[in-house]
Amino acid sequence: MMQIGSTLPAVNLNQFQARRASFKCQSSPLNPLTRQSSLSNSTRVHLANLEKLLQKSPLQEKLEPPTVRRNVSESLTNGSPEKKGKSLLEGLNLVRMLPDMKAADEMSPRHLNRLQQLLTKTAEYSPRNNLGRRWRDYHGLNDWAGLLDPLDENLRREVVRYGEFIQAAYRCFHSNPAMPVDEPPMPRHVALSDRSYKVTKSLYATSSVGLPKWVDDAAPDLGWMTQRSSWVGYVAVCDDKREIQRMGRRDIVIALRGTATCLEWAENVRAQLIQMPEEEGGKGHSTHDPDTHGQKQQPKVECGFLSLYKTRGAHVPSLAESVVEEVKRLMDLYKGETLSITVTGHSLGAALAVLVGDELSTCADDVPPVAVFSFGGPRVGNRGFADRINGKNVKVLRIVNSQDVITRVPGAFFSEAGLDDKLGKTKLVGGVFEMLEDYMPLAYSHVGTELRVDTKMSPYLKPNADMACCHDLEAYLHLVDGFLASNCPFRSNAKRSLVRLLQDQGSNVKKLYTSKAKSLSLNLEREGLMHLPSCLPSPS
């Protein structure tokens, strides 16, 4: 007071002191440090209305818990300036006004630097840890119990890696989809992203149906779309010593692409169930095992899938013959080593992968453990076929997008699982199952363990993304890479690049990211980051 008075003229000193005496320090009624007794009735009414507007629970311990006041006071006395401001905001609970905003801001790459970082991550993966003695767990020994929700980081990386084997099959096929008509096909080069594997065998699928000759005459430009036999995938084996040591075994991979030709689409819609052929020598699971209701279930699969799997081509063996022959050769070549067989496929390839796993499990004595990783796969057979797969100890991990319609067909309107729920405790079950065997061709059942992701969990994809996006393989890998758990948001440190997602599904990516990506396009094109190997888009 003495200092202020010394700096003012004596004439104005009395006037200043009079005005200063009229000022009173009043605290804000919204200050979390304010005691409840200092709140006026009108303020309480306004806050109560605000609580109702925000659809919150009744005033929490009459506007402020003691713990909040204590934490704020401690932060003001002991914390740094940044912590003080943060504590004040937490004390006001402003974040609770819009609970979804915080998560969106944390994940959303609103800054160009963050988006550019995501657009340049072309070869980064989740931690490449040593699987060692646990490789059997990651290969499905216990049906991936305890590894799916929350998703184990090592399993996430393995799932994404097997998905990229399928992407290599898509790229190889679309780079040269035509098949020679009068001679056996030449060996193909498959560009694998995982260079620790080498391709040992090309695989072909042949349709048992053909188009009339007048179709070729009327539309000769269809070309490879109407050919009966097409390159569908490959067999590869790990031949890198360091990778074999990391994985704990030498891995044999069979990768199969999805639907691409007209005749493959024609086979997809042949949805009637037909009985599985008897296995040679009576190996494997009995085809007449009783179910829990005492009824004998015949293993049956979709007609079109079995046709593509078993039919021989004019100059190529069937898919079944090629796979069994090559796996037996590799088993003999690496006899004495610890081996595993991993079959992976997308869409149609996922269905064929289940058939491959079923046959490989009993193709020879001492077959290595067989696991199937399927992406967006349809149902393959009935409950009898599912029991047959389980009886052979074939492990199947189905990666399913909740928005993907393909995972609910065939038999989308009727399935044995739904029937069991409704009629499982009635005496009519036996008769109903007999009716299903004879009259209901769409009594399908899923196989294996499910890892379920959801398009709506991604902060980049539109929540109303179309069916093509929800079934797209790159979208699947994007969702798996960001999946933490069913009750958690998309992980903020997702590793997978957004380049391919923007290229393949740009119309389904939120405008915020597409617009900012375009603002970076000049720099990205100059660096060659936006140019991936060109190929035809798959109809699947």
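Below: a short report on this structure. (Residues numbered from 1 in each chain as written. Predicted model: local features only at pLDDT ≥ 70, side-chain atom pairs only at ≥ 80, totals over all residues. Heavy atoms only, no water.)

The subject of this paragraph is the overall build of the protein chain. Helices and strands together make up the secondary structure of the protein chain, namely 23 helices and nine strands. Looking at the protein chain alone, contacts between residues at least 24 apart form 79% of all its contacts between residues at least 6 apart. In the form shown here, the protein chain has an accessible surface area of approximately 28,200 Å², with 54% of it arising from carbon and sulfur atoms. (Helix = DSSP H or I, 4+ residues; strand = E, 2+ residues; numbered from the N terminus. Contact = heavy atoms within 4.5 Å. Areas by Shrake-Rupley, 256 points an atom, 1.4 Å probe, with all protein chains shown as cover.)

Omega for the bond connecting aspartate 149 with proline 150 falls within 30 degrees of zero, at 10°, which places this linkage in the cis form. As for its position among the elements, proline 150 is in the loop between α8 (135–138) and α9 (153–175). The step from valine 409 to proline 410 runs through a cis peptide bond, and the omega angle for that step is -10°. Mapped onto the elements, proline 410 comes out in the loop between β8 (395–401) and α17 (416–423).

With that out of the way, let us pick up helix α22 (residues 511–519). Within α22, the full set of buried residues consists of Tyr513, Thr514 and Ala517. Seen along its axis, α22 keeps its buried residues to an arc of 100°; they face one direction. Among the exposed residues of α22, those oriented more than 90 degrees off its buried face are Lys511 and Lys518. (Buried < 20%, exposed > 50% of the residue type's maximum accessible area, 1.4 Å probe, protein only. Arc of directions from axis to C-beta.)

Right, let's talk about the pattern of salt bridges for a bit. Considering all chains together, one arrives at 21 salt bridges under this definition. As a salt-bridge pair, glutamate 474 and arginine 496 come within 2.9 Å of each other at their nearest N and O atoms. Of this pair, glutamate 474 sits in helix α20 (residues 473–482) while arginine 496 is found in the loop between α20 and α21 (499–504), placing the two residues 22 residues apart along the sequence. Both residues of the pair, glutamate 474 and arginine 496, count as buried. Between aspartate 504 and arginine 500 there is a salt bridge, with its nearest N and O atoms 3.4 Å apart. Taken together, the residues span about one helical turn, with aspartate 504 and arginine 500 both in helix α21 at a distance of four residues. Assessed through its relative accessible area of 37%, aspartate 504 is described here as partly exposed. (Salt bridge = Lys/Arg side-chain N within 4 Å of Asp/Glu carboxyl O.)

We now examine the packing of aromatic side chains. Two numbers describe a pair of aromatic rings. These are the distance of the centres and the angle of the planes. Using the criterion set out here, one finds seven aromatic pairs in the structure. In this structure an aromatic cluster arises from ring pairing among Trp144, Tyr162, Phe165, Tyr197 and Phe373. The lysine or arginine in question, arginine 161, covers the ring of tyrosine 162, its NZ or CZ lying 4.9 Å from the ring centre. (Phe/Tyr/Trp six-rings, centres within 6.5 Å; stacked < 30°, edge-to-face > 60°. Lys NZ or Arg CZ within 6 Å of the ring centre and 35° of its normal.)

Okay, the sheet that holds strand β7 (residues 370–375) next. Across the sheet, which stays open at both edges, the seven strands sit in the order β1-β2-β3-β6-β7-β8-β9 with mixed pairing between neighbours. Each of the sheet's edge strands pairs with one partner strand only, and the pair in question is β1 (197–206) and β9 (449–453). Adjacent strand axes in the sheet meet at a mean angle of 20°, parallel and antiparallel pairs treated alike. Running over the sheet, α20 touches β6 (339–346), β7, β8 and β9 and is turned about 100° from β8. (Pairing = 2+ DSSP bridges. Axes fitted to C-alpha atoms, helices over the stretch in contact; angles between N-to-C directions.)

Glancing now at the packing of α9 against α20. Working note: a packed helix pair is described by the angle between its axes plus the distance between those axes. Direction vectors running N to C along α9 and α20 enclose 170°, while the axes themselves pass 10 Å from each other. Viewed along their axes, α9 and α20 adopt a mutual orientation that is roughly antiparallel. Helix-helix and strand crossings are classified by hand; for α9 and α20 the assignment is left-handed. Residue-level contacts link Arg156, Val159, Val160, Gly163, Glu164, Ile166, Gln167 and Tyr170 of α9 to Leu473, Glu474, Leu477, Val480 and Asp481 of α20. Here the residues of the contact of α9 with α20 are counted per class, giving seven nonpolar, two polar and four charged. (Parallel < 35°, antiparallel > 145°, perpendicular 65-115°, else oblique. Left-handed = near helix turned anticlockwise from the far one by under 90°. Nonpolar A, V, L, I, M, F, W, Y, C, P; charged D, E, K, R; others polar.)

On any regular strand, side chains alternate: one points to one face of the sheet, the next to the other face. The two faces of β9 differ: Thr449, Leu451 and Val453 on one face are buried, but Glu450 and Arg452 on the other face are not. Judged from the five bridges that link them, β8 and β9 form a sheet pairing that is parallel. Paired with isoleucine 399 across the strands is leucine 451, a residue of β9.

Turning our eyes to something else, we now look at empty space enclosed by the protein. Scanning all chains against the criterion turns up five cavities of 30 Å³ or more. Along the wall of the largest cavity there are 13 residues; nearest its centre are Val354, Pro378, Val380, Arg398 and His446. Of all the secondary structure elements, the ones that give two or more residues to the lining of the largest cavity are α15 (348–360) and β8. Per element, the largest residue contribution to the lining of the largest cavity is three residues, and it comes from α15. Tallied by class, residues from the lining of the largest cavity come to seven nonpolar, four polar and two charged. (1 Å grid on protein atoms, 1.4 Å probe; cavity = no way out; pocket = protein on both sides within 12 Å on 5 of 7 lines; lining within 4 Å. Points joined across faces, edges and corners; volume = space filled by probe spheres on them.)

Glancing now at helix α16 (residues 383–391). Three- or four-residue spacings in an α-helix give side chains the same orientation, since the helix completes a turn every 3.6 residues. When α16 is considered as a whole, its buried residues turn out to be Arg383, Gly384, Phe385, Ala386, Arg388 and Ile389. Where α16 begins, the side chain of asparagine 382 points an oxygen toward the backbone nitrogen of glycine 384, at a separation of 3.3 Å. At the C-terminal side of α16, asparagine 393 shows a positive phi close to 65°. (Polar contact = N/O pair within 3.5 Å; in protein donor to acceptor, adjacent residues only side chain to side chain.)

Our next topic: the nonpolar core. Leu155 and Tyr234 are the most contacted members of the largest nonpolar core, which totals 66 residues. At eleven residues, α9 tops the list of elements feeding residues into this core. Apart from the residues within four sequence positions on either side, tyrosine 234 is in contact with Phe165, Ala168, Ala169, Val190, Leu192, Val199, Lys201, Ser202, Leu203, Val253, Ile254 and Ala255. Leu256, Met276, Ala320 and Val370 belong to the second largest nonpolar core, which has 44 residues in total. (Core = buried A, V, L, I, M, F, W, Y, C linked by side-chain atoms within 4.5 Å.)

Considering the arrangement of structural elements, one finds arginine 257 in the loop between β3 (250–256) and α12 (262–268). Taking relative accessible area as the criterion, arginine 257 reaches 1% and is therefore assigned buried. At a separation of 2.8 Å, a polar atom in the side chain of arginine 257 contacts the main-chain carbonyl oxygen of tryptophan 231.

With respect to the helices and strands, threonine 200 occurs in strand β1. With 127 residues separating them along the chain, threonine 200 and valine 327 place their C-alpha atoms 10.0 Å apart. Those residues in contact with threonine 200, other than ones at most four positions away along the chain, are Val235, Ala236, Val237, Glu326, Arg329 and Leu330. Within the local environment of threonine 200, its side chain forms a polar contact with the side chain of glutamate 326, the two groups lying 2.8 Å apart.

At a minimum axis distance of 10 Å, the contact between helix α14 (residues 319–333) and α15 shows a crossing angle of 50°. Taken together, the axes of α14 and α15 lie oblique to each other. You can see that α14 and α15 cross each other, and the crossing is right-handed. Residues Leu319, Ala320, Val323, Val324 and Val327 of α14 form the contact with α15, whose own contacting residues are Leu352, Val356, Glu359 and Leu360. Of the residues in the contact of α14 with α15, the class split is eight nonpolar, no polar and one charged.

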